[in-house]
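Each chain, written out:
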Amino acid sequence: MADVADIQLLENRWDEAYAATLDEPGRLLYRSNLLGADKRITNYGGGNTSAKVLHKDPLTGEDVVVLWVKGSGGDVGTMKRDGFSTLYMDKLEQLKGLYRGLEHEDEMVGYLPHCTFNLNPRAASIDTPLHAYLPYRHVDHMHPDAVIAIAATANSRALTREIFGDEIGWLPWRRPGFQLGLDLSAFARDNPNAKGVVLESHGLFTWGDTAGESYETTLRIINTAIRYFDGKTRSRPAFGGAVVSPLAETDRQAVAAKLLPAIRQRISAAERKVGHFDDSPAVLDFVNSRDLKPLAALGTSCPDHFLRTKIRPLVLPFDPASNNLDAVLSSLDDAIADYRADYTGYYERCKHPDSPAIRDPNAVIYLVPGVGMISFAKDKATARIAAEFYVNAINVMRGASSVDTYVGLSEQEAFNIEYWLLEEAKLQRMPKPKSLVGRVALVTGAAGGIGRAIAGKLLSEGACVVLTDIDGAALEETKANFAKSFGADHVRAVTLDVTDEAAVADGFTRAVVDYGGLDILVSNAGISSSAPVEETTLAMWNRNIDILAKGYFLVAREAFRLMRGQKLGGSVVFIASKNGLAASPGASAYCTAKAAEIHLARCLALEGADVGIRVNVVNPDAVLRGSKIWTGEWREQRAAAYNLQPDDLEEHYRKRSMLKLSVYPEDIAEAVYFLASDLAAKSTGNIINVDAGNAQSFTR
Ligand code: NAI
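For clarity, every value in this text was computed on a predicted model and none was experimentally measured. (Residues numbered from 1 in each chain as written. Predicted model: local features only at pLDDT ≥ 70, side-chain atom pairs only at ≥ 80, totals over all residues. Heavy atoms only, no water.)

1. Remarks on the domain arrangement of the protein
Stage number 1. When the domains of the protein are assigned, the result is domain 1 (4-233), domain 2 (249-428) and domain 3 (440-629 + 663-689).
Stage number 2. Computed from C-alpha coordinates alone, the two centres of domain 1 and domain 2 are separated by 29 Å.
Stage number 3. Contact with domain 1, which involves 28 residues of that partner, is made by 26 residues of domain 2.
Stage number 4. When the two sides are added together, the surface that domain 1 and domain 2 hide from each other amounts to roughly 2,300 Å², 66% of it contributed by carbon and sulfur.
Stage number 5. Between the two partners, domain 1 and domain 2, sit nine residue pairs in polar contact (both at pLDDT 80 or more).
Stage number 6. Contributing elements (two or more residues each) for the side of domain 1 that touches domain 2: α5 (145-151) and α8 (211-233).
Stage number 7. Element by element, the count of residues in the side of domain 1 that touches domain 2 is highest for α8, at four residues. (Domains from an automatic or database assignment. Contact = heavy atoms within 4.5 Å. Buried area = accessible area lost by both parts, 1.4 Å probe. Polar contact = N/O pair within 3.5 Å; in protein donor to acceptor, adjacent residues only side chain to side chain. Helix = DSSP H or I, 4+ residues; strand = E, 2+ residues; numbered from the N terminus.)

2. Quick word on a nonpolar patch on the surface
Stage number 1. A contiguous nonpolar patch, built from Met658, Leu659, Leu661 and Phe698 and spanning about 430 Å² of accessible area, is present on the exposed surface.
Stage number 2. With respect to the element layout, leucine 659 can be found in the loop between α24 (649-656) and α25 (665-676).
Stage number 3. In this structure leucine 659 comes out as exposed when scored by relative accessible area, which is 57%. (Patch = residues over 30% accessible without salt bridge, like charges linked within 9 Å, V, L, I, M, F, W, Y side chains within 5 Å. Areas by Shrake-Rupley, 256 points an atom, 1.4 Å probe, with all protein chains shown as cover. Salt bridge = Lys/Arg side-chain N within 4 Å of Asp/Glu carboxyl O. Buried < 20%, exposed > 50% of the residue type's maximum accessible area, 1.4 Å probe, protein only.)

3. Notes on the packing of helix α9 (residues 249-267) against helix α14 (residues 332-350)
In a packed pair of helices, the relevant descriptors are the angle between the two axes and the axis-to-axis distance.
Stage number 1. Running from N to C, α9 and α14 point in directions that differ by 50°, and their axes come no closer than 11 Å. What the angle tells us is that α9 and α14 run oblique. Between α9 and α14 lies a crossing of right-handed hand. Contacts from Ala262, Ile263, Arg266 and Ile267 in α9 reach Leu332, Asp333, Ile336 and Arg340 in α14.
Stage number 2. Counted by class, the contact of α9 with α14 contains five nonpolar, no polar and three charged residues. (Axes fitted to C-alpha atoms, helices over the stretch in contact; angles between N-to-C directions. Parallel < 35°, antiparallel > 145°, perpendicular 65-115°, else oblique. Left-handed = near helix turned anticlockwise from the far one by under 90°. Nonpolar A, V, L, I, M, F, W, Y, C, P; charged D, E, K, R; others polar.)

4. Concerning the site of the ligand
Stage number 1. Neighbouring residues of the ligand: 31 residues in total, closest Asp469, Val623, Ser627, Lys628 and Trp630.
Stage number 2. Separating an oxygen atom of the ligand from a backbone N or O atom of valine 623 is a distance of 2.7 Å.
Stage number 3. Taking tryptophan 630, its side chain carries an N or O atom lying 2.7 Å from an oxygen atom of the ligand.
Stage number 4. Bound to the protein, the ligand loses 94% of the 810 Å² it would expose on its own.
Stage number 5. Listed by contribution, the elements that provide at least two residues to the shell around the ligand are α18 (449-460), α21 (538-566) and α22 (588-608).
Stage number 6. In terms of residue class, the shell around the ligand is made up of 17 nonpolar, eight polar and six charged. (Near = heavy atom within 4 Å.)

Here is the structure:
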């Protein structure tokens, strides 16, 4: 018997006093956010909630019942009030008269906008009829792992009855749509005492007269399922027990660092992909288990799961005991080709005359015994969410296979959802991706003025950016600010000194494990110094050469190693200086080191061309704003050299320039973006001066 005290049950977080201060839509939002906050209740973007609310009709002034239901897209956990669509209930009822039967149900989606209340622009979701036709004021539709585990067993109807008795009913699998709405309505009519229903291979519906009652019923039903599985699984190892021992954490990371770019290289032909690695205990339990292969082959069950993860993962034949990584890497071409052939076969077997064209046939999820799970998608958030969904699927398989036979959705049903014309229309409506989506960049000196502007520009174009700097505190602050503007998925921070060979290698490994590879390196970390040659100490000389020449060599070498292996080309941009071309008195160490940078870039442009690695240089001059270089001694010395107050320097440099303009960090970032992106696909070995015009640094 399980020790009940240890069970991780869902906690009731409803605050009735707070709820009483809200209006009915406010309580619906409160309930939705509470439910979506726990991924055991529903997966990201999965499920929806609704309330039927009395409003004054803006045209007639009469009282009308309006359905508030989560609109198309969005996520109940994070949605705001504008995430709900609002529809007249009487018009939704009238739609029943227009329904021509199952084979025409998709056309009903086109009528939903005609039922809109109060010109609400939020598009109604396909699930709207499921909520509308249930004769209850408050309805929750959730995808809890513990309930899907019941819904995905061969005997799910009997199991539902065993666990919930009469309180919760059961409906056979049907794709969400108008007919399922009618089925739910008929169920509620025939079972007036039921508090909800399990949908086979899908999820849970629950309801109540008030928002609080609906919330409590939803939690209670899920907790009943959690308690049931806990009792059944506690004493038994999951998935037939472990047959391999996991590698130690650092070894898992090392294997992932080799596998991620190797996979990415092979699946990025049509669209560059970003990777995600997960070696959490739930994943390791599954990938190390005896039943890994047969269960993985069955595919996922809940439509939400496989829309994100594809119906099946690719299991790689890694053996942690013999560490056969080289053999796995050499067999990768075949494994990926087999997966594609399998997927193409599925498409050909299941397609209808009007099905959309086949989509990317590559796997999304890669399972590696002893190591963990790798996922790839068009951007980081999608790759991470796909991994989370596969963890949901693992939880479902764990529960279902421990009490009964786990069943995935049939191939044809899966296809009908994946290639549903309504789903395709949604994809077609998606905005064109930004120019650097799917690209991974590493920027050194990213906590400084110019580095921050460069990172911001690359992020704004959709890249994932690994920020690196020797100044850990400034770096963390920079990362936190970017995470706020661009989302935490897109940005990572690694504190590293560019002169430290091991630290540099480590930073690149982090980039690979976090994102799957590297496409862009911006080598920007730097310092400045000024002194007549007689007063230039060896320490000053070495410091310049160390950071600006050796540091640039070390990061570029690491990028080359990675990019060459990756076989996807790449772009390296060095931030040198006007002083790398134009000699300047009193700064010989700095000028010489910057000249070395420029020449190194030219040499590397030669070496990288045959594998599509482009190497270019941007030369800034006099970028005072935001630059730490210009806050210290250098600023004082430069001002003294021109007999000026430090605050007059920016104006002095502006007047000195040919174009009579000041140069800002954002101006440097624009040039870097051009060279880093495909806009400059045909440029290598180039130098762009961003100095507002300076005849001395004209290239020749
Ligand atoms: P900054 O001082 O604001 O930023 C430089 C960043 O590099 C700092 O965050 C610093 O912590 C980091 N850094 C220094 N040594 C490092 C090391 N060993 N390892 C890792 N990170 C290290 O300066 P700014 O203006 O943003 O300079 C960026 C680049 O632009 C530098 O290479 C600089 O030489 C070059 N540049 C700047 C000009 C300007 O007027 N600001 C003009 C010409 C070139």
